[in-house]
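Chain by chain, the residues run as shown.
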Amino acid sequence: MSRLFGSVRSRATLGATLVVVAALFVTGAAVLQALRANLTAEAGTQAEGTARAVAAELAARTPYDQLSGLDSKSGPVQVVDEDGNLVAATEDLQWISGTATDQVEARPSSSPSPSPSAPASAPPSAPAREDDDDDDDDDDDDDDDDTEAPRTASTPEAEESAPSLAPGETGRQTTFGSGAATVDDDTADYRFAAVDVRTHDRGLLTVHAGAPLAAEHSAVRTALTVMLIGFPLLAALVAGMTWVVTGRALRPVAGIREEMAAITASEDLTRRVPEPGTHDEIARLARTTNETLAALEASVERQRRFVADASHELRSPIASLRTQLEVAAAHPELLDLDGAVEDTVRLQHLAADLLLLARLDAGERPVDARVDLAALAREEVAGRTGVTVDAEPAEVAGSRGQLGRVLGNLLDNGRRHARETVSVTVRREGDRAVLTVADDGDGVAEADRERIFERFVRLDAARSRDDGGAGLGLAIARDVAVRHGGTLTAGAAPSGGALFTLRLPLAPTT
């Protein structure tokens, strides 16, 4: 299972599918709820229309047996008096729930008798029930006690609205409820509406009318069936499309991985990963990977040249020293002691330069100390002939030893090429300390002002190796300057010679 969902493609497909399933579930529930509410409200409106139509007929003194709304095709209808007695009901009503009473047969009313001008309002069976003996009356009372409390004018809602109704007036408030009823052996769910009406001769009556909820149930069942079938298919479709699209999107990544694996196995840094022709994140990843490979190739090539140049530079003093020692071993009187010492010192300096370059390449950070460039310049110039100093205090943060090495290398370079003098200045420019070293020699051609900072580079091919050094001094100086957050550039001095400018950030004030 962990391997199955260990890929980006699998996780993306699973995540998209879960999001879609959740969205479909919430949307489906909302749609079903809205559909049920709308259809229920529509049924309630239909029931209210029937109830108000019956109430209007009652307000017009229509006898119970002539009410048009009591047809079984119109849905269940009950007319209840103030005492909770059912005084009229739909034909063939066999059972009902959800209204004020579950009575299905009309009972005698205690309301006043209708006026002579109006037809008798009691159902035909009412007089016969008046002839029942006391035992039957007791049984009726017991039945009334067992039934649900009817919603009539005696309920709190009716008590609030009844006094405001005049004879012949129908109440404005409609009470809704849900229930079920059996009419002509057909049981169904209904939405009931209850409306109060004040009659002229029969007191306050409540009309309960129901509208079937079959359409609501059918629509909800149909929608639910469609959702149960369609939603899984839609989720499967989304999962399949996500799997295909993600696979196509990640196909270049597989190509990049395979090429990187081949480069690692072959150690051929000249190879590059394929770059897709798109402008998305994967294309940028491929370009960045190729840039990294190019930088790595250049670094390895520099390292190879460095090793080759270092070997070449070390070979000369070592060979010279070995020759002198071999000659001295065979002919002690021919030993050139001064030359041996000079070669040894040169070899020592070269080894120190190589070690410092290696430390700089390894990313060694300079020591965070405060160094006064003016004082450092005076110390480095001391003992050197033909060098002048014009310096103002300027403190920088860094390694005193490494910064001294920079200044020493610049002074050695200037002294080798100067005709007479080398000048050193230190000044402050904004948030930078600027140190310059200028000579009055032939200067550096503009095309070579960057090349001289490369390792083992000599511009004067005719210059002897002993006078020219190994070509590492300026390269070391620039690397140290960069490690200290500064720059080192070459230019033309006012006297026509070379001008080297070192810029370093000033140390923060305490």
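The preceding data block contains the structure.
Small disclaimer: the values here were computed from a predicted structure and weren't measured. (Residues numbered from 1 in each chain as written. Predicted model: local features only at pLDDT ≥ 70, side-chain atom pairs only at ≥ 80, totals over all residues. Heavy atoms only, no water.)

**Re a negative patch on the surface**
Judged by side-chain charge, Asp71, Glu91, Asp92, Asp184, Asp185 and Asp186 come together as a negatively charged surface patch. Within the fold, Asp92 resides in the loop between β2 (86-89) and β3 (93-97). (Patch = residues over 30% accessible without salt bridge, like charges linked within 9 Å, V, L, I, M, F, W, Y side chains within 5 Å. Areas by Shrake-Rupley, 256 points an atom, 1.4 Å probe, with all protein chains shown as cover. Salt bridge = Lys/Arg side-chain N within 4 Å of Asp/Glu carboxyl O. Lys, Arg positive; Asp, Glu negative; His and termini not counted. Charge placed at Lys NZ, Arg CZ, Asp CG, Glu CD. Helix = DSSP H or I, 4+ residues; strand = E, 2+ residues; numbered from the N terminus.)

**Section: the sheet that holds strand β5 (residues 186-198)**
Strands sit in the order β2-β1-β6-β5-β4-β3 across an open sheet of six strands; the sheet is antiparallel. The open sheet has two edge strands with one neighbour each: β2 and β3. Adjacent strand axes in the sheet meet at a mean angle of 30° when their direction is disregarded. Inspection of the sheet shows β3 paired to strand β4 (residues 169-183) by four bridges, in the antiparallel sense. Its bridge partner being in β4, Leu93 is matched across the sheet by Val183. Seen against the sheet, helix α1 (residues 8-59) touches β1 (77-80), β4, β5 and β6 (204-212) and runs at an angle of roughly 45° to β5. (Pairing = 2+ DSSP bridges. Axes fitted to C-alpha atoms, helices over the stretch in contact; angles between N-to-C directions. Contact = heavy atoms within 4.5 Å.)

**Comments concerning the packing of helix α9 (residues 400-417) against helix α11 (residues 473-483)**
Geometrically, a packed helix pair is captured by the angle between its two axes and the distance between the axes. For the pair α9 and α11, the least separation of the axes is 9 Å and the interaxial angle reads 145°. The hand of the α9/α11 crossing is left-handed. Packed against α9, whose contacting residues are Gln402, Leu403, Arg405, Val406, Asn409, Leu410 and Asn413, the element α11 presents Gly473, Leu474, Ile476, Ala477 and Val480 at the interface. The residue makeup of the contact of α9 with α11, split by class, is seven nonpolar, four polar and one charged. (Left-handed = near helix turned anticlockwise from the far one by under 90°. Nonpolar A, V, L, I, M, F, W, Y, C, P; charged D, E, K, R; others polar.)

**Some thoughts on the sheet that holds strand β11 (residues 432-439)**
The sheet built from five strands is open, its strands ordered β8-β10-β11-β13-β12 with mixed pairing. With partners counted over all chains shown, the strands left at the sheet margins are β8 (387-391) and β12 (487-492), one partner each. Averaged over all pairs of adjacent strands, the angle between their axes in this sheet comes to 15°, without regard to strand direction. In terms of strand pairing, β12 meets strand β13 (residues 498-505) through six bridges, oriented antiparallel. Bridge pairing in β13 links Ala492 to Ala498. Helix α8 (residues 373-381) contacts β8, β10 (422-429), β11 and β13 of the sheet and is inclined by roughly 170° relative to β8.

**A word on the packing of helix α5 (residues 214-266) against helix α6 (residues 281-330)**
Following both chains from N to C, one finds α5 and α6 inclined at 15°, their axes separated by 10 Å at the closest point. Between α5 and α6, the angle is such that the two are roughly parallel. Crossing handedness for the pair α5 and α6: left-handed. Along the contact surface, α5 presents Ala249, Leu250, Pro252, Val253, Ile256, Met260 and Ile263, while α6 presents Ile282, Ala286, Thr289 and Leu293. Of the residues belonging to the contact of α5 with α6, the class tally is 10 nonpolar, one polar and no charged. (Parallel < 35°, antiparallel > 145°, perpendicular 65-115°, else oblique.)

**Thoughts on unusual backbone geometry**
Positive phi outside glycine occurs at Asp185, with the angle close to 65°. When you line up the elements, Asp185 lands in the loop between β4 and β5. Here the phi dihedral of Glu267 falls at roughly 60°; this positive angle occurs in a residue that is not glycine. Among the structural elements, Glu267 can be located in the loop between α5 and α6.

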